[in-house]
Amino acid sequence: MKRSMMCGEVRTEHIGQRLVLQGWVHTVRDHGGLIFVDLRDRAGIVQVVVNPTTQPDAFHVAETLRDEFVVEIHGSVERRPAGSENPRLGTGDVEVHADTVTVLNPCLPLPFPVAEEAQVDERVRLQYRYIDLRRPRMARNLVLRHKVIKYIRDFLSDRGFLEIETPILANPTPEGARDYLVPSRLHPGSFYALPQSPQQFKQLSMVAGVDRYFQIARCFRDEDLRANRQPEFTQLDLEMSFVEQEDVLEVCESLFSNLTESLSNKRVLNKPWPRITWQEAMNRYGSDKPDLRYDLSIVDVSDIVGRSPFQVFSGAIERGGVVRGIRAPDGAAFTRRQIDELTELAKANGAKGLAWASHTAGEVRSSFVRNLGPGEAEKLWSRLEASDGDLVLLVADTVDVARASLGALRRELAKRLELIPDDVMAWAFVIEFPWFERDEATGRLTFMHHPFTMPFDADLPLLDTDPVRVRAKAYDVVANGEELASGSIRVHRADIQSRLFELLGYSPERIQANFGHMLKAFQYGAPPHGGIAPGIDRVVSMLADEDSIREVIPFPKNQSAQDLMMGAPTTVQADQLEDLHVRVVEPAPVGS
Ligand code: ASP
């Protein structure tokens, strides 16, 4: 190789050596006749100095350099003059005195700077992703992503897991989204589906005796793009045989606790990770992905105000609802306007209103206390563990509305009261999810996780009597208010699996066509098994302190599922469509 080392690797131990370096012009400056080039590659930046007196030819070339030219430099490593060291660079004690400078390739004027931390329109960044990825922050994210994946591979290999690839041209597997379909040329009218996850293959690999499976798997889900989702994303897909729930959780917990501490400067807040039931998460935190970096809790006070003369409270309870509240530490300082904003937030989440109260040094401010019965205010105050200077917020409504609105208030209060530390990962498991939920649009029963999830043994009889009460052996990993993984112990018996498909309203034909292979496999010696699938993009973005997963996906799609650099999706030639037996129906004009 022609180059002696990477630009970012030059150190004091190389002083006196002659080097060949190749890289990009990060910046170029003319200082008192000398030209200084910051030469960059993936490993970092080194300062190159070109002297017009001693190296006139090199200097002439250096005068033509612009940002992001690709150049080759021959020169010798020297110690930087005292006082001009740069402690922020690994190479900051040295510089390279060039005797030749060669342009390997020039660069057009840039659409945005690489060297500065400028705010750039994301559309332009995605269009020129190859330039965007040169920016130091993005280059760092790529390295972190690589390290996370390598860590996972090493960790699981050491624990006896096999990395196994599964097909991309596959068949539909229900994960709650639409499928991306690929028309078959050889089988007119038939389609492959890109996997929403390798769920069925990983289960079938358990039937195949693989015992411990993992894959850094690409998943494809054609969803209306919600914030922070991508039509294709990467998950660590994992499956284990002869295990119970706690075995899967233990692997996940030790993998991600160790990974967090090895690869980021964040601390794991709770060890062991809390295991919170879905009911508790919804009641206490108003969310199935609670943020445990702060410990505000929602408290039920229905028993205190159930017979209150204050109709707003007692009426809600008569109608089968609840009264629940939350304490805002030091919230008495909120202005009336701030309380109005919190009320609006509660309303946006379905609440009819927000009752509030505070007292500071004996002075009570409240929207409702004067309407309460004797002793009720004191009991509320003590149940909510409020003290002088605090504010309490109460919602009287259905359970669902109380959960949603107080959950939103909890998150908002944490932000406003600055209760959220940014150097921790508050990992936790949410367990005991309901197996079914009602689809709001159709009123039909649908699955909450996916249809291959084992119900609680004790709840199996409820499948015939009261399915909505059936709990699933399903679990989520959450951290800092985000869901990072879902998994479950699976059904491994054909009879239970068939019954679940029936309850979901699948016709016998559909069951046979889409899942006949699973039901058959379960009758050929399927071991008990279970697994989980953490989202790699999310984990990396959180460790990198990025808000969007697009910052840690090398080549993401935009919010409309387009690749702006490659121009995908795109129209295709008529003969290609013909080969595929596909005809395009032009969408009807808007308004027709
Ligand atoms: N297939 C599931 C998902 O993608 C994960 C699992 O159950 O392992 O969410």
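For the structure itself, look to the data block above.
The model shown is predicted, which means the values in this text are computed figures rather than measured ones.

Caption draft 1: Spatial organisation of the side chain of S302. Checked against the element boundaries, S302 lands in helix α8 (residues 302–305). With relative accessibility at 13%, the residue S302 sits in the buried group. Not counting residues up to four positions away in its chain, the partners in contact with S302 are I317, V322 and V323.

Caption draft 2: Geometry of the sheet that holds strand β3 (residues 44–50). If you trace the five strands once around the closed barrel, you get β1-β2-β3-β5-β4, paired in mixed fashion. Direction aside, the axes of adjacent strands within the sheet are offset by 55 degrees on average. The pairing of strand β1 (residues 18–31) with strand β4 (residues 70–79) spans seven bridges and is antiparallel. Bridge pairing links L21 to I73 in β4. Its contacts with the sheet put helix α1 (residues 56–63) on β2 (34–41), β3 and β5 (94–105), and the angle it makes with β5 is roughly 65 degrees.

Caption draft 3: Layout of the site of the ligand. Residues in close proximity to the ligand total 14 residues, the closest being E175, Q199, K202, H450 and R490. Taking Q199, its side chain carries an N or O atom lying 2.7 Å from a nitrogen atom of the ligand. Between H450 and the ligand, the recorded distance is 2.9 Å, taken from a side-chain N or O atom to an oxygen atom. Calculation on the ligand without its partners gives an accessible area of 270 Å², and the protein chains cover 95% of this total. Broken down by secondary-structure element, the contributors of at least two residues to the shell around the ligand are α5 (199–207), β23 (482–489) and β24 (529–534). For the shell around the ligand, the element with the highest residue contribution is β24, accounting for three residues.

Caption draft 4: Region of the structure containing the pattern of salt bridges. Under the counting rule described, the total for this entry stands at 47 salt bridges. With its nearest N and O atoms 2.8 Å apart, the salt bridge here joins R145 to D537. Of this pair, R145 sits in helix α4 (residues 136–158) while D537 sits in helix α16 (residues 536–543), and the two are 392 residues apart along the sequence. The residues R145 and D537 share a single accessibility class, namely buried. Here R403 ties to D400 by a salt bridge, and the two come within 4.0 Å at their closest N and O atoms. Residue R403 and its partner D400 are both found in helix α12 (residues 399–416); the two are separated by three residues, about one turn of the helix. The class for R403 is buried, based on a relative accessible area of 9%. The network of salt bridges with shared partners includes R125, R129, D132, R135, R137, E546 and E551.

Caption draft 5: Structural detail: the packing of aromatic side chains. The full count for this structure, using the stated rule, is 13 aromatic pairs. Measuring from ring centre to ring centre gives 6.2 Å for F452 and F501, while their planes differ by 85 degrees; the resulting arrangement is edge-to-face. Residue F452 is found in the loop between β21 (445–447) and α13 (462–465), and its partner F501 is found in helix α14 (residues 494–503); the two are separated by 49 residues along the sequence. Overall, F501 belongs to the buried group, its relative accessible area being 0%. Judged by centre distance (5.9 Å) and plane angle (15 degrees), the rings of Y506 and F515 are stacked. As far as burial versus exposure is concerned, Y506 and F515 are alike and both buried. Ring pairs connect the aromatic residues F256, W273, W427 and F429, which therefore count as one cluster. The ring of Y506 carries the charged tip of R510 above its face, separated from the ring centre by 3.9 Å.

Cut-offs used in this document
Residues numbered from 1 in each chain as written. Predicted model: local features only at pLDDT ≥ 70, side-chain atom pairs only at ≥ 80, totals over all residues. Heavy atoms only, no water. Helix = DSSP H or I, 4+ residues; strand = E, 2+ residues; numbered from the N terminus. Buried < 20%, exposed > 50% of the residue type's maximum accessible area, 1.4 Å probe, protein only. Contact = heavy atoms within 4.5 Å. Pairing = 2+ DSSP bridges. Axes fitted to C-alpha atoms, helices over the stretch in contact; angles between N-to-C directions. Near = heavy atom within 4 Å. Polar contact = N/O pair within 3.5 Å; in protein donor to acceptor, adjacent residues only side chain to side chain. Areas by Shrake-Rupley, 256 points an atom, 1.4 Å probe, with all protein chains shown as cover. Salt bridge = Lys/Arg side-chain N within 4 Å of Asp/Glu carboxyl O. Phe/Tyr/Trp six-rings, centres within 6.5 Å; stacked < 30°, edge-to-face > 60°. Lys NZ or Arg CZ within 6 Å of the ring centre and 35° of its normal.

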